[in-house]
Amino acid sequence: MLFVAEPTRSTPNALQPILAGIVAALVGFTSSFAVVLTGLRAVGASPTDAASGLLVICVTQALGMIYLARRYRQPITLAWSTPGAALLAGTGAVSGGWPAAVGAFLVVGALVITTGLWPRLGTLITSIPTPLAQAMLAGVLLPLCLKPVTAFAASPGAIAPVIVVWLVLQRYSPRWAVPAAFGTAAVVITVDVAVAQRIPPASDLIPHVAFTAPDWTWQAIVGIALPLYIVTMASQNIPGVAVMKSYGYDVPWRPAMGVTGLGTMVGAPFGGHAVNLAAISAALAAAPQAHPNPERRWIAASSAGWFYLLLAACSAAVATLVSVAPAGVVETVAGLALLGTLAASLAGALKDENGRESAVLTFVIAASGIGIFGIGSAFWALVVGLVVRWVLSRGR
């Protein structure tokens, strides 16, 4: 009896993890790069510095993914800290300007490495009540999530197509809603640039890095480094480990923290703010859809890393497109990208009925955007929330 092979089964399985990795990288990049550029510009980066930061963070997380996936044969995906970038956007410029922000990024990388080497630091972070951490994050996100509303009121003709496309895709294919919104925004920007004849020079489309000598101010360390570290750990690294655990993978904690911390420190002088374990997008490479065999899903993470290197080559063009965008268009995409995270943060903040007062107060202070002694609202929100929670728990 003649046996005939079935290529239709083997071929898709061979390509399946590669395609899953490409989708993970494409979705991760297009759904949140606008938040990264917005955050870097808010803390003092020039358009050149911000473009450099986007480039270098693509490269560092790509190399980290490729190494971890191949070394440990697990679909370990990395990402930039989207909540951290939102935190930067809400913090704004600090004493010392952009060099001080770069110094704060270096401190974050050092703290992440220390977390991997010294378990007690990780325990200290996990001891922060989850509702307060989520409330702080929600407060930081709120101003950005309001941008689509204010932008639409100011320029409905430019903003309406972006929101409509996002809403339609949110109904039929949520994963691609934000990428489709960015695609629509790109069309709006292109038309506006062509009409106004503000075509940027070709040299701006070439990827390049911009080095910034770091500076350290206590305002930047307290106002940027500590909140950025807490948000990155609480909203990215720890949930990322949990997501991987749900698919049967035990992430090697110390090597993962070492790689992401080192990547953050290497990228910081060139504008990168934080590299961490992927949380939401981790499922795209770790789920059965990536490959039926769990031992083959690491290929998806490796594929995502290689594709991120390709996306890095496009970072300058993307950053240039953002820099010439009409007012409110990019902010609208960033706000839409963060709505899901805002909803999850609010749900986590209000889940515990006994601690709602402190969580709401934390949220309100973080959303206010106030700065005291040159330190942003995120830090003060967490401090006040912890104090109020302690006082009320003692009273009860």
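Scroll up to find the structure this text is about.
Scoring rules and cut-offs
Residues numbered from 1 in each chain as written. Predicted model: local features only at pLDDT ≥ 70, side-chain atom pairs only at ≥ 80, totals over all residues. Heavy atoms only, no water. Patch = residues over 30% accessible without salt bridge, like charges linked within 9 Å, V, L, I, M, F, W, Y side chains within 5 Å. Areas by Shrake-Rupley, 256 points an atom, 1.4 Å probe, with all protein chains shown as cover. Salt bridge = Lys/Arg side-chain N within 4 Å of Asp/Glu carboxyl O. Helix = DSSP H or I, 4+ residues; strand = E, 2+ residues; numbered from the N terminus. 1 Å grid on protein atoms, 1.4 Å probe; cavity = no way out; pocket = protein on both sides within 12 Å on 5 of 7 lines; lining within 4 Å. Points joined across faces, edges and corners; volume = space filled by probe spheres on them. Nonpolar A, V, L, I, M, F, W, Y, C, P; charged D, E, K, R; others polar. Buried < 20%, exposed > 50% of the residue type's maximum accessible area, 1.4 Å probe, protein only. Polar contact = N/O pair within 3.5 Å; in protein donor to acceptor, adjacent residues only side chain to side chain. Contact = heavy atoms within 4.5 Å. Phe/Tyr/Trp six-rings, centres within 6.5 Å; stacked < 30°, edge-to-face > 60°.

Peer 1: What exactly am I supposed to notice about a nonpolar patch on the surface here?
Peer 2: There is a patch of nonpolar side chains on the surface, built from V383, V387, W390, V391 and L392 and spanning about 420 Å² of accessible area. Along the chain, the position of W390 falls in helix α17 (residues 377-395).

Peer 1: Could you clarify how one ought to interpret the layout of surface pockets in this entry?
Peer 2: The rolling of a water-molecule-sized probe over the atoms marks out the regions of remaining empty space. Its volume calculated, the largest pocket comes out at about 990 Å³. Looking at which element gives the most residues to the lining of the largest pocket, the answer is helix α15 (residues 329-349), with eight residues. Residues of the lining of the largest pocket, tallied by class, amount to 26 nonpolar, 14 polar and one charged. When its volume is computed, the second largest pocket comes out at roughly 270 Å³. Together, 15 residues line the second largest pocket, and L37, T38, R41, V322 and E331 are the ones closest to its centre. Taken together, the elements giving at least two residues each to the lining of the second largest pocket come down to α1 (7-42), α2 (47-72), α14 (315-323) and α15. Sorting elements by how many residues they give to the lining of the second largest pocket places α1 first, with five residues.

Peer 1: Teacher, can you tell me more about the side chain of T320 here?
Peer 2: Relative to the elements of secondary structure, T320 occurs in helix α14. Relative accessible area serves as the criterion here: at 9%, T320 is assigned to the buried category. Separated by 2.8 Å, the side chain of T320 and the backbone oxygen of A316 make a polar contact. Residue contacts for T320: discarding those within four places in its chain leaves P200, D204 and L205.

Peer 1: Before we go on, may I ask you to explain empty space enclosed by the protein in this structure?
Peer 2: The tally for this structure, following the rule as stated, stands at two cavities of 30 Å³ or more. Lining the largest cavity are F33, A34, F182, A185, I189, V322, V330 and V333. Counting only elements with at least two residues in the lining of the largest cavity, the list comes to α1, α9 (177-196) and α15. With three residues, α9 is the largest single contributor of residues to the lining of the largest cavity. Residue classes in the lining of the largest cavity are distributed as eight nonpolar, no polar and no charged. Space inside the second largest cavity adds up to approximately 30 Å³. What lines the second largest cavity is simply I76, T77, G240, M244, V251, L277 and A278. A per-class count over the lining of the second largest cavity returns five nonpolar, two polar and no charged.

Peer 1: Would you explain the packing of aromatic side chains in this entry?
Peer 2: Remark: the centre distance and the inter-plane angle together describe each pair of aromatic rings, the angle taken between the planes. Per the counting criterion, the structure on display carries six aromatic pairs. An angle of 85° between the planes, with centres 4.7 Å apart, marks the rings of F33 and F182 as edge-to-face. Within this pair, whereas F33 is found in helix α1, its partner F182 is found in helix α9, the two being separated by 149 residues in sequence. For F33, a relative accessible area of 1% gives the class buried. Seen from their ring centres, W80 and Y308 are 6.2 Å apart, and the 80° between their planes marks the pair as edge-to-face. Taken together, the positions of W80 in strand β1 (residues 78-80) and Y308 in helix α13 (residues 298-313) put the pair 228 residues apart, joining distant regions of the chain. Here W80 falls in the buried class, since its relative accessible area comes to 2%. Overall, the relative accessible area of 4% leaves Y308 in the buried class.

Peer 1: Just to check I follow, could you spell out the pattern of salt bridges for this structure?
Peer 2: Side chains that differ in charge, positive against negative, can pair when their charged atoms come close. If you walk through the whole model with that rule in mind, you get two salt bridges. With its nearest N and O atoms 3.6 Å apart, the salt bridge here joins D352 to R389. Residue D352 is found in the loop between α15 and α16 (356-368), and its partner R389 is found in helix α17; the two are separated by 37 residues along the sequence. By relative accessible area, R389 is classed as partly exposed at 24%.

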